[in-house]
Amino acid sequence: MKILVINGPNLNMLGIREPEIYGRATYSDLVELISAEAERLGIDVSFFQSNHEGAIVDAIQGAYGTADGIVINPAAYTHTSVALLDAVKAVGIPTVEVHISDPDLRDEFRKISYIRQACVATVKGKGFDGYLEALRILKNLK
Ligand code: CA2
């Protein structure tokens, strides 16, 4: 089983700023944690992070015909991007939306998620463990 893990804008800054919201661990710690769980689950995992909406659309399209599942934290694009919603719908790959924090408990504008309606599940407010839960959700769909 192949899963692509996509992280959106500013998540490359994990561990550098706002530790009170996102913790002290870095993006490479996150990649390491997910890789270890994927190995345990027998999943072939790959990673993509970008600060650019179009690049994320390209990554979702690139998963077509190659990935069995997508885990995506679209970060701020969660709350703005119809393009990401359309891309997930277009490829038809089971996708889990993940958020490190719980956006529903923060600013009003974070309560909207465009991508959510195309996702099989949303995991939020569980820190980095949310990505591991997302892997297990996708594995259990198979
Ligand atoms: O909780 C999440 O995972 C979010 O997707 C993170 C986004 C935010 O816009 C969403 O509402 C919820 C922001 C990611 C920014 O990441 C940073 C990491 C370190 C320092 C500064 C920002």
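Quick note: structure is the one above.
For the structure shown, the criterion picks out nine salt bridges. We note a salt bridge from aspartate 107 to arginine 110, for which the minimum N-O separation is 2.5 Å. Note that glutamate 133 and lysine 126 form a salt bridge whose closest N and O atoms lie 2.9 Å from each other. Using a relative accessible area of 43% as the deciding quantity, one classes lysine 126 as partly exposed.

It is worth spelling out the packing of helix H2 (residues 27-41) against helix H5 (residues 129-141) at this point. At a minimum axis separation of 9 Å, H2 and H5 run at an interaxial angle of 30°. Taken together, the axes of H2 and H5 lie roughly parallel to each other. Note on packing geometry: the crossing formed by H2 with H5 is right-handed. Residue-level inspection shows Leu30, Leu33, Ile34, Glu37, Ala38 and Leu41 of H2 in contact with H5, the latter providing Tyr131, Leu132, Leu135, Arg136 and Lys139. Residue composition of the contact of H2 with H5, grouped by class: eight nonpolar, no polar and three charged.

Thresholds applied
- Residues numbered from 1 in each chain as written.
- Predicted model: local features only at pLDDT ≥ 70, side-chain atom pairs only at ≥ 80, totals over all residues.
- Heavy atoms only, no water.
- Salt bridge = Lys/Arg side-chain N within 4 Å of Asp/Glu carboxyl O.
- Buried < 20%, exposed > 50% of the residue type's maximum accessible area, 1.4 Å probe, protein only.
- Axes fitted to C-alpha atoms, helices over the stretch in contact; angles between N-to-C directions.
- Helix = DSSP H or I, 4+ residues; strand = E, 2+ residues; numbered from the N terminus.
- Parallel < 35°, antiparallel > 145°, perpendicular 65-115°, else oblique.
- Left-handed = near helix turned anticlockwise from the far one by under 90°.
- Contact = heavy atoms within 4.5 Å.
- Nonpolar A, V, L, I, M, F, W, Y, C, P; charged D, E, K, R; others polar.

Everything listed here is a matter of geometry and, on its own, says nothing about what the molecule does.
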